[in-house]
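Spelled out, the chains give:
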Amino acid sequence: MSITIDTSKCTGCGKCIRVCPGTLLYKDKNGKAESRYPRDCWGCTACLKECLYGAVSYFLGADIGGMGSTLHTKRDGHFLHWHIAGAEGEERVITINQKESNKY
Ligand code: SF4
Ligand code: SF4
């Protein structure tokens, strides 16, 4: 499991760095987030959920999203959109209303 960070989208806010339970993320010399130990990532997705800029993508396995697919999030108020991008460019979106996710 591992993530990748698109430095062209990263603002250097540091939120992903603060939430990573494995202390795997750091700032590079340009102040952008980088994953220094990608092999140690256990896929908790905390960094994806924190990034407001869609800069963090998570590599899905062949048995989940299909070989070469990735996952990233976009936030819209209480709604968190999980974007699953397939290797061929197709995209699926799952939307969670976080205000109601603990309701039941
Ligand atoms: S949360 Fe997103 S924008 Fe902020 S430092 Fe991490 S990757 Fe960059
Ligand atoms: S998915 Fe979890 S363990 Fe992996 S880099 Fe992100 S916050 Fe750290």
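- The chain goes by Dissimilatory adenylylsulfate reductase beta subunit in an unreviewed UniProt entry, where it is assigned to Anaerobacterium chartisolvens.

A look at the pattern of salt bridges
Line of reasoning, step 1. Applying the stated criterion across every chain yields a total of one salt bridge.
Line of reasoning, step 2. Notably, a salt bridge pairs R36 with E34, separated by 2.9 Å at the nearest N-O pair.

A closer look at the side chain of H81
Line of reasoning, step 1. Inspection of the secondary structure assignment puts H81 in strand β6 (residues 79-85).
Line of reasoning, step 2. Of the polar contacts made by the side chain of H81, one reaches the side chain of T95; its length is 2.8 Å.
Line of reasoning, step 3. Residue contacts for H81: discarding those within four places in its chain leaves H72, T73, K74, D76, V93, I94 and T95.

Here's the deal with the packing of aromatic side chains
Line of reasoning, step 1. Taken as a whole and judged by the stated rule, the model has one aromatic pair.
Line of reasoning, step 2. Ring geometry for Y26 against Y37: centres 6.3 Å apart, planes inclined by 75 degrees, an arrangement best described as edge-to-face. Remark: Y37 occurs in the loop between β3 (33-35) and α2 (46-50) and Y26 occurs in strand β2 (residues 25-27); sequence separation between them is eleven residues.
Line of reasoning, step 3. For Y37, a relative accessible area of 39% translates into the label partly exposed.

Side note on the pairing of strand β7 (residues 91-97)
Line of reasoning, step 1. With seven bridges joining them, β6 and β7 adopt antiparallel strand pairing. By the bridge assignment for β7, W82 is matched with I94.
Line of reasoning, step 2. Taking the residues that link successive antiparallel strands as the turn, the β6-β7 hairpin has five residues, and the phi of G89 there is positive, at about 95 degrees.

Parameters and conventions
Residues numbered from 1 in each chain as written. Chains lettered and ligands numbered in written order. Predicted model: local features only at pLDDT ≥ 70, side-chain atom pairs only at ≥ 80, totals over all residues. Heavy atoms only, no water. Salt bridge = Lys/Arg side-chain N within 4 Å of Asp/Glu carboxyl O. Helix = DSSP H or I, 4+ residues; strand = E, 2+ residues; numbered from the N terminus. Polar contact = N/O pair within 3.5 Å; in protein donor to acceptor, adjacent residues only side chain to side chain. Contact = heavy atoms within 4.5 Å. Phe/Tyr/Trp six-rings, centres within 6.5 Å; stacked < 30°, edge-to-face > 60°. Buried < 20%, exposed > 50% of the residue type's maximum accessible area, 1.4 Å probe, protein only. Pairing = 2+ DSSP bridges.

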